[in-house]
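Structural features, examined
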Amino acid sequence: MEEMTRVSVFESSNQQEIQLIKSKLEEQNITATAENGYLTFLSTPTANNLKVMVSLSDEQKAFKIIDAYLKETDLDIQK
């Protein structure tokens, strides 16, 4: 069986933002997962960046959904 390639479509250090975006994608029948990862090798070991991952085939649709949502809200992704 072929392994599905997954790509990151949204990153944040805020767990609530990650869950909100993940829910928006799942409402549109896009399977999304949240994953942890260090921000950079210069970060402290506790500085985690969270990523929303989707299938490569859903990447463009996911970006459109996220972009539309961010435009209609005041979600500040810089926090």
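Whatever comes next refers back to the structure up there.
Read on for an overview of the structure. (Residues numbered from 1 in each chain as written. Predicted model: local features only at pLDDT ≥ 70, side-chain atom pairs only at ≥ 80, totals over all residues. Heavy atoms only, no water.)

Time to look at the nonpolar core. Counting 15 residues, the largest nonpolar core has Val9, Ile21, Leu25, Val52 and Val54 as the members making the most contacts within it. Within the residue set of this core, elements represented by two or more residues are strand E1 (6-12), helix H1 (15-27), strand E3 (48-55) and helix H2 (59-72). Among the elements that take part in this core, H2 stands out by supplying 4 residues, more than any other. (Core = buried A, V, L, I, M, F, W, Y, C linked by side-chain atoms within 4.5 Å. Buried < 20%, exposed > 50% of the residue type's maximum accessible area, 1.4 Å probe, protein only. Helix = DSSP H or I, 4+ residues; strand = E, 2+ residues; numbered from the N terminus.)

Turning our eyes to something else, we now look at unusual backbone geometry. Of note in the backbone geometry, asparagine 29 takes a positive phi value of approximately 65° without being a glycine. Positionally, asparagine 29 belongs in the loop between H1 and strand E2 (32-38). According to the relative accessible area criterion, asparagine 29 is exposed, its value standing at 70%.

Our next topic: the pattern of salt bridges. What the rule picks out here adds up to 2 salt bridges. Ionic pairing is found between lysine 22 and glutamate 26, a salt bridge with its closest N-O pair at 2.9 Å. Taken together, the residues lysine 22 and glutamate 26, both in helix H1 and 4 residues apart, mark about one turn of the helix. Lysine 71 is the salt-bridge partner of aspartate 67, the closest N and O atoms lying 3.3 Å from each other. With aspartate 67 and lysine 71 both in helix H2, this residue pair falls 4 residues apart, about one helical turn. (Salt bridge = Lys/Arg side-chain N within 4 Å of Asp/Glu carboxyl O.)

As for its position among the elements, threonine 31 is in the loop between H1 and E2. A residue is classified by how much of its surface remains accessible, and threonine 31, at 55% relative accessible area, is exposed. Residues threonine 31 and valine 54, spaced 23 residues apart in sequence, show a C-alpha to C-alpha distance of 6.2 Å.

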